[in-house]
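Spelled out from the first residue to the last, the chains are:
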Amino acid sequence: MRKIRLVVVQDAGMRIHKETLEKIITKIALTRADEIGCETCFAEVDRFVDMLVAGEDPEKVMPLVEHHLKVCGNCHEEFLALLEALKSAAT
Ligand SMILES: [Zn+2]
């Protein structure tokens, strides 16, 4: 009985560890050497949204901004807020 319980606990521990490890690996895979920071993203995001609203492909011109928006929650929120503001201004 005690032996079984111990195995279960060990198994649960392994699972958590594996998930954490996978998260770390995903983060490393998403991290690029030419990554930009929040300041650069913030300076470019206006232009990015402008292009998007104009029906152009900003991710082709500004792939680093696009990448940063994918990995940074703060900048993504800023991006969404800008997008909403521009959309409502256009209509
Ligand atoms: Zn950011």
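Each value, and the rule that gives it
- Residues numbered from 1 in each chain as written.
- Predicted model: local features only at pLDDT ≥ 70, side-chain atom pairs only at ≥ 80, totals over all residues.
- Helix = DSSP H or I, 4+ residues; strand = E, 2+ residues; numbered from the N terminus.
- Contact = placed C-beta atoms within 7 Å.
- pLDDT = per-residue confidence, 0-100.
- Core = buried A, V, L, I, M, F, W, Y, C linked by C-beta atoms within 7 Å.
- Buried ≥ 20, exposed ≤ 12 C-beta atoms within 10 Å, placed from the backbone.
- Axes fitted to C-alpha atoms, helices over the stretch in contact; angles between N-to-C directions.
- Parallel < 35°, antiparallel > 145°, perpendicular 65-115°, else oblique.
- Left-handed = near helix turned anticlockwise from the far one by under 90°.
- Nonpolar A, V, L, I, M, F, W, Y, C, P; charged D, E, K, R; others polar.

A. Region of interest: the overall build of the protein chain. Within the protein chain, the regular secondary structure consists of 5 helices and 0 strands. Traced from its N-terminal end to its C-terminal end, the protein chain shows the element sequence α-α-α-α-α. The contacts in the protein chain between residues at least 6 apart in sequence include a share of 67% that link residues at least 24 apart.

B. Representation of the confidence of the model for the protein chain. Across the protein chain, pLDDT averages 83, with 75% of residues at or above 70. Model confidence for the protein chain, summarised as mean pLDDT per element, is weakest for helix H1 (residues 2–30) at 67 and strongest for helix H2 (residues 38–53) at 95.

C. Highlighting the nonpolar core. By size, the foremost hydrophobic cluster in this structure holds 8 residues: Cys41, Val45, Phe48, Val49, Val65, Leu69, Cys75 and Phe79. When residues of this core are traced back to their parent elements, those giving at least two are H2, helix H4 (63–71) and helix H5 (73–90). The element that contributes the greatest number of residues to this core is H2, accounting for 4 residues. With residues near it in sequence (within four places) discarded, Cys41 still touches Ile36, Val65, His68, Cys72 and Cys75.

D. Molecular detail of the packing of H2 against H5. At a minimum axis separation of 10 Å, H2 and H5 run at an interaxial angle of 30 degrees. The angle between H2 and H5 places the two elements in the roughly parallel class. At the point where H2 passes H5, the crossing takes the right-handed sense. Facing Cys38, Cys41, Phe42, Val45, Asp46, Val49, Leu52 and Val53 of H2, the residues of H5 in contact are Asn74, Cys75, Glu78, Phe79, Leu82, Leu83, Leu86, Lys87 and Ala90. Partitioned by chemical class, the residues of the contact of H2 with H5 number 13 nonpolar, 1 polar and 3 charged.

E. Here's a closer look at the environment of Val71. Structurally, Val71 is set in helix H4. Assessed through the 13 C-beta atoms surrounding it within 10 Å, Val71 is described here as partly exposed. On a C-alpha basis, the gap between Val71 and Lys27 in space is 8.5 Å, while along the polypeptide they are 44 residues apart.

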